[in-house]
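Listed below are the residues making up each chain.
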Number of protein chains: 2
Amino acid sequence: MKISAGYAKRKQRTILNVATDLFIERGYDGVSVDAIVKKAGGSKSNIYNYFGGKEGLFRAIVEDLSQQILSPLADAEIDSLPPQQALNVIGKQVLSVVLSDRAISLLRIVIGESQKFPELGNMFFTSGPKPCYERLTRYLEKQQNLGKIKPCNSQQATTQLIGMFLGFYQLQRLLGIIDAPSQEEITNIVDDAVNTFLEVYGIS
Amino acid sequence: MKISAGYAKRKQRTILNVATDLFIERGYDGVSVDAIVKKAGGSKSNIYNYFGGKEGLFRAIVEDLSQQILSPLADAEIDSLPPQQALNVIGKQVLSVVLSDRAISLLRIVIGESQKFPELGNMFFTSGPKPCYERLTRYLEKQQNLGKIKPCNSQQATTQLIGMFLGFYQLQRLLGIIDAPSQEEITNIVDDAVNTFLEVYGIS
DNA sequence: TTGCTATTATACCATACAGTATGGTACAGT
DNA sequence: ACTGTACCATACTGTATGGTATAATAGCAA
C-alpha cells in the first residue's frame with residue numbers, strides 16, 4: 001500500500017525531532033502547529049495525517065522521548081555486584097539521567113500538562129522510575145537472602161535510598177534554582193548516600 | 001485620594017480568590033481573563049487597573065498562595081525538642097504540607113510555567129522549602145554541639161533526611177500517580193525515615 | 001444639589017491559533 | 001506516457017484571547 005513508505009517514515013522522524021525540540025523549549029501551548037511545519041518543512045497535512053493533530057503529535061513525542069531518555073534507568077547491570085558497588089553504580093545512573101537537562105525539561109512538560117494529558121504521568125513513570133525502583137527492590141531482597149545486608153523492608157529501604165539520591169536536588173532542578181550537577185558532584189552525593197544507607201542496612 | 005479604598009481592597013481580594021481557584025484548577029493558559037471577570041463580577045478594567053494585566057494577576061496569586069501554603073513549613077517549633085521528637089514533628093509538618101492537594105497543584109503550575117515566569121521558582125522555594133531546610137540545618141548543628149548527635153556535615157544530613165521524607169512520594173504526586181497520603185501513612189513514612197536517620201547520626 | 005472619581009457593562013480591535021479545503025506537483029508502478 | 005497516491009504550499013474558517021476604549025452608572029465630598 002504505502003508506495004513511498006521510506007519517505008513517509010523519514011518525514012515522520014523529521015517532524016518528531018523538530019517538534020520535540022520546540023516542545024521541550026517552549027512547552028505545549030508555546031508551540032503552534034505552524035511553527036512546527038515551518039521548521040520541519042512540508043505542510044500541515046502531514047501532522048494531521050501522521051499524528052491526528054497537535055495532541056496526537058504531542059503524545060507521540062512524550063512517549064518517544066520518555067523511552068529515549070529514561071530507559072537507561074532500568075538498564076544498569078547490578079545483579080552480580082556487591083552492595084557497595086551496586087548501589088554506587090545505580091545511584092550515579094539515576095542522578096545523571098534524572099537530573100540531566102533533557103530529563104528535567106521533559107518532566108516539566110509532563111507535570112505541567114498533566115491536567116490536559118493525565119495519562120502521560122503514568123507513561124513517564126513506567127518508562128524509567130518504576131522499573132528502576134523495582135529492580136533495586138529485587139536486588140535488595142536478593143542481598144538479604146544472601147545475608148549481605150540486614151533484613152529489612154526492601155520497598156521502604158529502596159524508597160529511602162532513592163529519596164536520598166534525589167533529595168532536594170530534583171525539586172530545585174525543576175524550579176530552575178540549580179543547574180545540572182557535574183559528574184564530580186554526582187559522585188559525592190551518591191557516595192554519601194550509599195555510606196549512610198549501608199551504615200544502617202549493611203553488614204559491617 | 002482613594003475615596004472608597006475599602007471597596008477596592010475588597011474587590012481585589014475577591015478577584016484574587018476567584019482567580020486562584022481557577023488557575024489552580026485549569027492552569028495559566030486554561031483560564032481566560034473573561035472567565036475570571038465573569039466569576040468575580042465587575043469588569044475587566046479592574047484586573048488591568050489593580051494588577052496590570054493577566055500576568056501581573058498571576059504573579060500576585062502565586063506569591064500570595066506560596067506564602068499562604070508554604071509558610072507553615074518554617075513555623076515548626078523544634079529548637080527545644082530532642083532529636084527523635086524534633087525530626088518527627090518537622091517531618092510530619094513537611095509531608096502534610098508539601099504533599100497536600102493544594103501544594104501539589106501550586107507546584108505543578110509553578111513548574112509548568114517556569115519558562116514563562118522564571119522568577120516564580122525562586123519565590124516558591126524561598127517561601128517555604130528553603131527556610132525549612134535552613135532551620136533544620138541549624139537545628140542539627142546545635143544538636144551536634146550539644147553532643148546529642150554525631151558530628152557530621154549538617155547540610156548533607158539535612159538533604160538526606162528531607163530526601164527520605166519526600167522520597168519518591170513528591171514525584172509520584174506531581175505525576176498524578178498517587179493521592180495525598182493519609183495521616184497514618186505520613187506517620188509511618190516519617191517514623192521510618194527518622195529511625196534510619198538516627199541509626200546513623202544518633203547517639204545510642 | 002453639584003461635581004468628581006471609581007466601577008461597570010459592553011463593544012471593539014488585533015492577533016493568534018487549530019484545523020480544513022484546495023489546487024497543484026513529484027513520483028512510483030505499469 | 002498514463003494514473004493514482006502522497007505530498008506541498010497556501011489560503012481560509014471559525015473561534016478564542018488579551019487588551020483597550022467608551023459610555024453609562026453609582027457613590028462620595030462639598
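Scroll up to find the structure.
Residues numbered from 1 in each chain as written. Chains lettered and ligands numbered in written order. Predicted model: local features only at pLDDT ≥ 70, side-chain atom pairs only at ≥ 80, totals over all residues. Heavy atoms only, no water.

**Q** Describe in detail helix H4 (residues 54-70) of chain A, supporting the description with residues and values.
**A** Residues and elements named next belong to chain A. Counted at 1.5 Å a residue, the expected span for H4 with its 17 residues is 24 Å, and the 24 Å between its end C-alpha atoms agrees. Looking only at H4, the buried set comprises Lys 54, Leu 57, Phe 58, Ile 61, Val 62, Leu 65, Ser 66, Ile 69 and Leu 70. Down the axis of H4, the sector holding all buried residues measures 160°, keeping them to one side. (Helix = DSSP H or I, 4+ residues; strand = E, 2+ residues; numbered from the N terminus. Expected span 1.5 Å × (residues − 1). Buried < 20%, exposed > 50% of the residue type's maximum accessible area, 1.4 Å probe, protein only. Arc of directions from axis to C-beta.)

**Q** Break down the environment of Leu 174 of chain B for me, with residues and values.
**A** Relative to the helices and strands, Leu 174 of chain B resides in helix H10 (residues 169-174). Leu 174 of chain B gets classed as buried once you look at its relative accessible area, which sits at 2%. Along the sequence, Leu 174 of chain B and Ser 43 of chain B sit 131 residues apart, while their C-alpha atoms lie 35 Å from each other. Leaving out residues up to four positions away in the same chain, Leu 174 of chain B has contacts with Ile 111, Ser 114 and Leu 174 of chain A together with Ile 104, Leu 107, Arg 108 and Ile 111 of chain B. (Contact = heavy atoms within 4.5 Å.)

**Q** Mind laying out the protein's contact with DNA strand C, listing which residues take part and the relevant values?
**A** Neighbouring DNA strand C are 15 residues; Val 33, Lys 44 and Lys 54 of chain A together with Asn 46 and Tyr 50 of chain B lie closest to it. Looking at DNA strand C alone, sugar and phosphate atoms form 60% of those within 4 Å of the protein. Residue Lys 44 of chain A places a side-chain N or O atom 2.5 Å away from a base nitrogen belonging to DNA strand C. Contact between DNA strand C and Tyr 50 of chain B: a phosphate oxygen at 2.6 Å from a side-chain N or O atom of the residue. Contributing elements (two or more residues each) for the surface near DNA strand C: helix H3 (44-51) of chain A together with helix H1 (5-26) and helix H3 (44-51) of chain B. Of the residues contributing to the surface near DNA strand C, the split by class is seven nonpolar, five polar and three charged. (Near = heavy atom within 4 Å. Polar contact = N/O pair within 3.5 Å; in protein donor to acceptor, adjacent residues only side chain to side chain. Nonpolar A, V, L, I, M, F, W, Y, C, P; charged D, E, K, R; others polar.)

**Q** If you had to explain the packing of aromatic side chains to someone new, which residues and values would you point to?
**A** Applying the stated criterion to the full structure yields 18 aromatic pairs over all chains. Considering the side-chain rings of Phe 58 of chain A and Phe 117 of chain A, the 4.9 Å spacing of their centres and the 50° angle between planes classify their relative orientation as tilted. Pair noted here: Phe 58 of chain A is in helix H4 and Phe 117 of chain A is in the loop between helix H6 (101-112) and helix H7 (119-126), with a separation of 59 residues, a long-range link. Judged by relative accessible area, Phe 117 of chain A falls into the buried class, the value being 0%. Each ring, one from Tyr 133 of chain A and one from Phe 168 of chain B, has its centre 5.6 Å from the other, and the planes form 20°; the classification is stacked. Placement of Tyr 133 of chain A in helix H8 (residues 129-145) and of Phe 168 of chain B in the loop between helix H9 (154-166) and H10 is noted, with the two residues assigned to different chains. Phe 168 of chain B matches Tyr 133 of chain A in its accessibility class, with the two residues each being buried. Linked through ring pairs, Phe 23, Tyr 28, Phe 58 and Phe 117 of chain A together constitute an aromatic cluster. A cation over a ring is seen here: Lys 54 of chain A above Tyr 28 of chain A, with NZ or CZ 4.4 Å from the ring centre. (Phe/Tyr/Trp six-rings, centres within 6.5 Å; stacked < 30°, edge-to-face > 60°. Lys NZ or Arg CZ within 6 Å of the ring centre and 35° of its normal.)

**Q** Please provide a residue-by-residue account of H6 of chain A, values included.
**A** Residues and elements named next belong to chain A. Counted at 1.5 Å a residue, the expected span for H6 with its twelve residues is 16 Å, and the 16 Å between its end C-alpha atoms agrees. Burial analysis of H6 places nine of its twelve residues in the buried class, which makes it a mostly covered element. For H6, the complete set of buried residues consists of Ala 103, Ile 104, Ser 105, Leu 106, Leu 107, Arg 108, Ile 109, Val 110 and Ile 111.

**Q** Give a description of the environment of Asp 101 of chain B that names residues and reports values.
**A** Within the secondary structure, Asp 101 of chain B sits in helix H6 (residues 101-112). Ignoring anything within four residues of it in the chain, the contact list for Asp 101 of chain B reads Arg 173 and Ala 180 of chain B.

**Q** Which residues make up the protein's contact with DNA strand D, and what values do they have?
**A** Among the 16 residues in the neighbourhood of DNA strand D, the closest are listed as Asn 46 and Tyr 50 of chain A together with Val 33, Lys 44 and Lys 54 of chain B. For DNA strand D, the fraction of protein-proximal atoms (within 4 Å) that sit in sugar or phosphate groups is 67%. Tyr 48 of chain B has a polar side-chain atom sitting 3.0 Å from a phosphate oxygen of DNA strand D. The side chain of Lys 54 of chain B places a nitrogen or oxygen atom 2.5 Å from a phosphate oxygen of DNA strand D. Residue assignment for the surface near DNA strand D shows that the elements contributing at least two residues are helix H1 (5-26) and H3 of chain A together with H3 of chain B. In terms of residue class, the surface near DNA strand D is made up of seven nonpolar, six polar and three charged.

**Q** Requested: an account of the pattern of salt bridges, with residues and values cited.
**A** Overall, the coordinates contain twelve salt bridges over all chains when judged by the stated rule. Residue Arg 13 of chain A pairs with Asp 64 of chain A through a salt bridge whose shortest N-O separation is 3.2 Å. Residue Arg 13 of chain A is located in helix H1, and its partner Asp 64 of chain A is located in helix H4; the two are separated by 51 residues in the primary sequence. When its relative accessible area of 37% is taken as the criterion, Arg 13 of chain A is described as partly exposed. A residue is classified by how much of its surface remains accessible, and Asp 64 of chain A, at 25% relative accessible area, is partly exposed. Here Arg 173 of chain B and Asp 101 of chain B are joined by a salt bridge, their closest N and O atoms 2.8 Å apart. Of this pair, Arg 173 of chain B sits in helix H10 while Asp 101 of chain B sits in helix H6, and the two are 72 residues apart along the sequence. What makes Asp 101 of chain B exposed here is its relative accessible area of 53%. Put simply, Glu 55, Arg 59 and Glu 119 of chain A are held in one network by salt bridges that share partners. (Salt bridge = Lys/Arg side-chain N within 4 Å of Asp/Glu carboxyl O.)

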